[in-house]
Structures are given as C-alpha cells and as structure tokens.
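Read off the chains here:
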Amino acid sequence: MRERILNLLYQRKKKYVSGEELSRKLGISRTAIWKHIQTLKGEGYKIVSQKRLGYSLISVPDLLLPYEIERGLKTKILGKRIYHFREIGSTNDFAIELVRKGIEEGAIVVAETQAKGKGRLGREWSSPFGGLWLSIILKPKILPTQAPRMTVIAALGVAKTIRKLYSLKALIKWPNDVLIRSKVGTIRANGRMRKKGSRVFKKVCGILTEMSAEQDTVNYVVIGIGANLNIDIKKFPIEFRKNTTSIEKELSHKIDRVEFTKRTLEEIENFYLLFKKRGFAPILKEWKKISATLGKGIKAVSGRRIIEGKAIDIDSDGALIIETKEGKQEKILAGDVTLITR
Ligand code: BTN
C-alpha cells in the first residue's frame, strides 16, 4: 500500500494530492492514509501536509529502499522480492538463510552498511554507507564446476552499467574484480613511479559467489556484489586506498545509487537470460572484450602456485591461461591476479 501511495505522490512530485483523492483511489480510509504517510516520513521521505490541499512529496531519502528500486525496474526475475537493511552482518549470509528457507530465484538483499562484509579468500570487506552491498539469489541449472560463470555474468553486468551510465572505462580483472582506469594525482601509485596525471587501474567492485551443490547439480548460487559508489576513499583501511576507487571519486560528484542498482539488476538479468538461451560462449566473448587481464604481464597466486607470465586467454571454463617466460602454458581456475604491465 505504501508503494502505491508513493507512486501517486511521485506522479505529482512537489504538488499536492488530497487525502480524499488518495483514499478514493486506493480504497482505504483517510486515517489509514495518514498512518502510512507517518511511516514513510519515519523512513526518511520528506512529505509535507497542508490542511485543505493534502500531501506533497518533497524529497526521497538517499537509501536503497525497495519502493525506490521496484519503481520502473525492467526485470522479469531479479528484484521481484527485495529485502533491505540499514545495517546487517553480511547480505550474503542473510541471502543464504533465505534460500535455505525456500525463497525463490531472483530475490535480492541490499544493505546500507555491513558490519561483517565478506570478501574473497576469507578477507573482510569494508562496507561503509554510500556503497551498494547486494546479494542476488539464483538457481541456475548448471554443474557445480560452472558456478564461476555466474560471477562472470555479474561482473559483466556491473561493468556495463558503469560504462553506460557514467562513460567510465570499466574493465574486468580476472576472475571478477571490476576496475576503472583512474587518473592518479600523485607520482607514486601501486608501488611504482608514475607521471602525474597518468592512469592506473583501481578496483571499484568485488564479487563473492557462494553456492550449495550436490555431486552434479547446483542448488543455489548467492552472488554478492560490493560496489564503491558514493564513498570517500579515506573511509577504507589505509592499505587498500591506493588500489581502490569509487564512482564518486572518479566523477567528482555523487551518483543516484537507486538508478545504479536498477541498471545493474537489469544488465545482470540480460546476461543471465542470454546465458540460459545461448550458453556461455557469448558471455565469454563480451568478457574478453573488456578484460583488464588479457595481453598483460601478470603474477597469479592460485593456492600454493605462483605463476608469472603473460595472460594469453580465458578458456570456455573461465580458466585463465598464462604463458610463462619459458614459453610454457599454465592454466588456473581460481586465484588472485596482480597486473604487472598495464
Ligand atoms: C572481493 O573480495 O572482491 C569480493 C567482495 C564482495 C563483497 C560483497 S558486499 C555484498 C556481499 N555481502 C558480503 O558479505 N560480501 C559481498
């Protein structure tokens, strides 16, 4: 009901809609309307009321509220159920709880901050206010070994959103970090001397995919997306700052986080549907086009293996193929990559 009240107020934003009209259109009493308006105000909506004129929506809160994400969202699956928290431990943990209780594919969990955000390889993920901390539940019919494909689909969706909305050059560092070519203000970056004003790649988004699977089927996949949107980099631990950026930092202004969230869900869903229809080949093709890794000198750490060489290909499983100095080809399925040449 509150969503419907908001929609009517939105249609005449900054003008008045009478309590009587709302009551008539929605089929509830004026007292009930008043109560919903109080709740919306409590959630941060600025709504003024004037005796004979009614209610007027002045501004919406800077929050990723379900009403805001749902309005005009062009998806069929993603975001059909939205769980929103001002603060949570980890959106991935909550999504896993939901899916164990039988929630359907496409449900999402968003939080304004996370107290125990999880990164890849058991790392912590710093999640201050201003980012997008999002988990998406999917139930694809794939083999457990193919689960990394879902991460690729998510990384592509995020990178495309950044490119389309802000014209920033977003690239994907294998396996799934989204980077932006960022202008450096200092002459020292990533431990190397650089000319003032030159560009380096910095991480703007990380993805952590968790899944449950049987021998040959995946029960569910939870894709956790952490995107630095309106964040002052100084809020991050000092050791991450030099390799991390945010959309706000790159554009020198804040963005509409709700718009970013909607577009990301739409882009991810498009790639997901493409994958269901045509398989992984078209996804791989898109991924290669915006890879920050291919053709570069890299150092890869995969379990105990450390491999240095040139990243020459990504195969149909999503594994990275590296050519070493000795001319040998090595393949890694998971791990961490550092770019040596850019
Ligand atoms: C990485 O290490 O690069 C992956 C970071 C993933 C962070 C996101 S934020 C939303 C979701 N919930 C979590 O606890 N982690 C993921």
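Residues numbered from 1 in each chain as written. Predicted model: local features only at pLDDT ≥ 70, side-chain atom pairs only at ≥ 80, totals over all residues. Heavy atoms only, no water.

*Asks:* How should the side chain of K160 be read in this particular structure?
*Replies:* Among the secondary structure elements, K160 is positioned in helix 6 (residues 148–166). For K160, a relative accessible area of 19% corresponds to the buried category. Each residue touching K160, except ones within four places of it in the same chain, is listed here: E267, F271 and E286. (Helix = DSSP H or I, 4+ residues; strand = E, 2+ residues; numbered from the N terminus. Buried < 20%, exposed > 50% of the residue type's maximum accessible area, 1.4 Å probe, protein only. Contact = heavy atoms within 4.5 Å.)

*Asks:* Explain the site of the ligand to me, please; I cannot follow it from the model alone.
*Replies:* Neighbouring the ligand are 20 residues, the closest being S90, Q114, K118, R120 and K203. A distance of 2.7 Å separates an oxygen atom of the ligand from a polar backbone atom of R120. Within the contact set of the ligand, an oxygen atom lies 2.7 Å away from a side-chain nitrogen or oxygen of K203. Contact with the protein chains hides 98% of the accessible area of the ligand, taken as 420 Å² for the molecule alone. Those elements giving two or more residues to the shell around the ligand turn out to be helix 5 (91–100), strand 5 (132–138), strand 10 (199–213) and strand 11 (218–227). A total of four residues in the shell around the ligand trace back to one element, the largest contributor, which is strand 10. (Near = heavy atom within 4 Å. Polar contact = N/O pair within 3.5 Å; in protein donor to acceptor, adjacent residues only side chain to side chain. Areas by Shrake-Rupley, 256 points an atom, 1.4 Å probe, with all protein chains shown as cover.)

*Asks:* Any chance you could explain helix 2 (residues 19–26) here in plain terms?
*Replies:* One turn of the α-helix equals 3.6 residues, which is why residues spaced by three or four share an orientation. When helix 2 is considered as a whole, its buried residues turn out to be G19, E21, L22, S23 and L26. Looking at the buried residues of helix 2, the elements they touch are helix 1 (2–11), helix 3 (30–42) and strand 2 (54–59). Directly beyond the C-terminal end of helix 2, a positive phi value near 70° is found at G27.

*Asks:* In this structure, what is going on with the nonpolar core? I would like to understand it.
*Replies:* Nonpolar side chains tend toward joint burial in soluble globular proteins. Of all hydrophobic cores here, the largest spans 66 residues; its most connected members are I136, I162 and I225. It is helix 6 that contributes the most residues to this core, ten residues altogether. Each of domain 2 (66–289) and domain 3 (297–340) contributes no fewer than three residues to this core. By size, the runner-up hydrophobic cluster in this structure holds 17 residues, among which are L9, V17, I47 and L65. (Core = buried A, V, L, I, M, F, W, Y, C linked by side-chain atoms within 4.5 Å. Domains from an automatic or database assignment.)

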